[in-house]
Amino acid sequence: MEILGNTLGEIAGEKAGIFKHRIPAFTVPQPDEAMHVLKEKASQLNVPLQVTAPLDAKLLNGLRLGLEGEHQYINAGLAVALSSTWLNINGNLDETHLKQTQRTLPEQFIKGLATANLQGRAQIVCDQHINKKISNELDFFLDGAHSPESMQACARWFSLAIKDNNQTFFNQKPDNSKFSNEVAKTHQGEAQKSAQILLFNCMSVRDPQLLLPHLVKTCADHGVYFKKALFVPGLSVYHKIGSHALSPTDSNIDLSWQFTLQRVWENIMQGNKGKNIGGASEELTGMEMSVSNCEHSAVFSSLPLVINWLRDRVQQNQSTRFQVLVTGSIHLVGDVLKLIKK
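With respect to the helices and strands, the residue S292 is situated in strand β7 (residues 292-293). A polar contact of 2.9 Å, which involves the side chain of S292, links it to the side chain of Q262.

Spelled out as structure tokens, the structure:
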């Protein structure tokens, strides 16, 4: 916001900077304040601006979008409109086929939509460092959501994904790395317990009192409750957009923001007493590794410590599968991926 503006209109005006004179442009349904600015900017440049509809799932011929979440059908509709028009302008798709994309999609489009992947958005990674001799798992569910709306979408995705996970160990498409999720059948025999853990951080310009309640309520609406919330600074510290990343040493890490996040979380949990918001009753051990341990949350001084603590819990609780939602910051998601993919 310090670059794009403080209102939807100001932000839309900056986003419209991509418009070029007489070149077709596309958008999706927007709030009135933003749409008014987009249309005004388009008119000034004689830009034919089109508002695209969400993709009809039937056009995928029984396949699913590679990117999870209902909102991705809006993005997919935009991608189809943009790609079709570009191909038409460059002579690779004639007018007849261009009009037909509203009723049927080229095979290449369907393949692209079904196999698309984006690291750090609705991504599931199974920790490869866990001893394969034990039967349980440490699974990371990563999404860089950092606004109230995206937090709700993230919570819905996580809630549905862990239910699939508890039945069939991921049926997720490869993300082109050897650390991708594997398709595997769930363990036969005794049913495994699962524990949901939240690993969270966000930039101090965000309001955790807007983000965290949305996350908790949406998960609870789907019957999902966190056993523990873990707050940790990222491996890199970003003071201003565009500034260089700093790698702090343990001696100069400021954890005051993480303590603030912890207080917000504990207040939410206290306000939801009796609603099973706190998750399973038995206590997790090894909390001496944390800087601050409360009933429902803990603050750790570094991300490697958190990862080690999680791996230790998996080793010590071999009848429980640990499912960790990593969200609040794309920086945090990237840092976690660096550590678990080493």
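As a further point, take the nonpolar core. By size, the foremost hydrophobic cluster in this structure holds 31 residues, and its most contacted members are F158, L198, F200, L215, W265 and L325. Elements with a minimum of two residues in this core: α6 (148-168), β5 (193-200), α7 (208-221), β6 (228-231) and α8 (256-271). It is α6 that contributes the most residues to this core, 7 residues altogether. Non-local contacts of L198, meaning those with residues more than four positions away in its chain, are made with L212, L215, F226, K228, A229, L230, W265, L325 and T327. Among the nonpolar cores identified, the runner-up in size contains 28 residues, and I197, W309, L310 and V326 belong to it.

What you tend to see is this: most non-glycine residues have negative phi, and most peptide bonds are trans. At R22, a position not held by glycine, the phi torsion is positive, near 65°. When its relative accessible area of 56% is taken as the criterion, R22 is described as exposed. In this structure, N61 takes a positive phi of about 55° despite not being glycine. Mapped onto the elements of the fold, N61 is located in the loop between β2 (49-51) and α3 (72-89). What makes N61 exposed here is its relative accessible area of 59%.

Parameters at a glance
- Residues numbered from 1 in each chain as written.
- Predicted model: local features only at pLDDT ≥ 70, side-chain atom pairs only at ≥ 80, totals over all residues.
- Heavy atoms only, no water.
- Helix = DSSP H or I, 4+ residues; strand = E, 2+ residues; numbered from the N terminus.
- Polar contact = N/O pair within 3.5 Å; in protein donor to acceptor, adjacent residues only side chain to side chain.
- Core = buried A, V, L, I, M, F, W, Y, C linked by side-chain atoms within 4.5 Å.
- Buried < 20%, exposed > 50% of the residue type's maximum accessible area, 1.4 Å probe, protein only.
- Contact = heavy atoms within 4.5 Å.

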